[in-house]
Amino acid sequence: MAQAGRRWQRSLFPWFREWGFKQCDSDPCVFPITRKIAGVSQRLVLGCYVDDLFTLYSHDGPESLNERFTADLATRWNIEDEGPVSDLLNVDISTDADSVILKQE
């Protein structure tokens, strides 16, 4: 199905915007959001490629923006968390205490 990814995006992207994400002008498949939760500013950035989602988040835990979003997403669609990512679209991804490191060879 050559158009399956596009149909998925037509369902998913409006839902992201309803949730409060802003679609990036420079890359329409990237959606950042910042919300204050318990007085703490939290950031979540989504990347969507065909039917895969990639998330970067500033906070984790049961009441975090990331957990709230993931739980809400799971009530709408059948999702599977494949754990920490190490590569995406031929880019190696690693993290340290306060940064994300991208490498491409």
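Right above here is the structure, for reference.
Now for a description of the structure that goes with this document. In this numbering scheme, every chain counts its residues from 1 along its sequence in written order. Local features in this predicted model are restricted to residues whose pLDDT is 70 or higher, and side-chain atom pairs enter the listing and the counts only when it is 80 or higher, whereas totals over whole chains, interfaces and linings include all residues. Working from all heavy atoms in the structure, the side-chain values ignore hydrogens and water.

1. What to know about the pattern of salt bridges
A side chain of one charge can pair with a side chain of the opposite charge when the charged atoms of the two come close. Salt bridge, as used here, is a side-chain nitrogen of Lys or Arg placed within 4 Å of a carboxyl oxygen of Asp or Glu. This structure, assessed with the given rule, holds one salt bridge. Note that Arg68 and Glu63 form a salt bridge whose closest N and O atoms lie 3.3 Å from each other. Residue classification places Glu63 among the exposed residues on the basis of a relative accessible area of 52%. Residue exposure (1.4 Å probe, protein chains only): buried if accessible area is under 20% of the type maximum, exposed if over 50%, otherwise partly exposed.

2. Some words on the sheet that holds strand 4 (residues 87-88)
Either a parallel or an antiparallel arrangement is found when strands of a sheet pair, and the pairing is made through backbone hydrogen bonds. Read across the sheet, three strands follow the order 4-5-6 without closing on themselves; strand pairing throughout is antiparallel. A strand with exactly one partner marks an edge of an open sheet, and here the two such strands are strand 4 and strand 6 (99-103). As defined by bridge partners, strand 5 (residues 91-96) adjoins strand 6 across five bridges and the pair is classed as antiparallel. The residue of strand 6 that forms the bridge with Thr95 is Val100. Only when DSSP finds a minimum of two bridges between them are two strands counted as paired. Here a helix means four or more residues in a row that DSSP labels H or I, a strand means two or more in a row labelled E, and each is numbered from the N terminus.

3. Quick word on the nonpolar core
Residue types Ala, Val, Leu, Ile, Met, Phe, Trp, Tyr and Cys, when buried and joined through side-chain atoms within 4.5 Å, form a set referred to as a nonpolar core. If you look at the biggest cluster of nonpolar residues, it comprises 16 residues, and the most contacted ones within it are Phe16, Phe21 and Phe69. Excluding residues within four positions of it along the chain, Phe21 makes contact with Phe16, Phe31, Pro32, Ile33, Leu44, Leu46 and Phe69. Residue contacts are defined here by distance: any two heavy atoms, one from each residue, within 4.5 Å place the two residues in contact.

4. A word on the pairing of strand 5
When strand 4 meets strand 5, the two strands line up antiparallel, connected through two bridges. Across the sheet, Leu88 pairs through a bridge with Val91, a residue of strand 5. Between strand 4 and strand 5, which pair antiparallel and follow one another directly, the connecting turn spans two residues, one of which, Leu89, has a positive phi of 55°. Following strand 5, the chain reverses through two residues before pairing antiparallel with strand 6.

5. Structural notes on the packing of aromatic side chains
Centre distance within 6.5 Å is the pairing criterion for rings of Phe, Tyr and Trp, where only the six-membered ring of Trp is used; planes under 30 degrees apart are then read as stacked, over 60 as edge-to-face, and the remainder as tilted. A full pass over the atoms with the stated rule returns 11 aromatic pairs. For the pair Trp15 and Phe16, a centre-to-centre distance of 6.2 Å together with 55° between the ring planes defines the contact as tilted. Aromatic side chains Phe16 and Phe69 sit 6.2 Å apart centroid to centroid with 55° between the ring planes, which places their arrangement in the tilted category. Within this pair, whereas Phe16 is found in helix 1 (residues 4-19), its partner Phe69 is found in helix 2 (residues 65-76), the two being separated by 53 residues in sequence. Three or more aromatic residues joined by ring pairs make a cluster, and in this case those are Phe13, Trp15, Phe16, Trp19, Phe21, Phe31, Phe69 and Trp77. The rule for a charge over a ring is simple: NZ of Lys or CZ of Arg within 6 Å of the ring centre, and within 35 degrees of the ring normal. The residue whose ring lies beneath Arg35 is Trp19, and the NZ or CZ to ring-centre distance is 4.3 Å.

Purely spatial values, then, with no claim about function.
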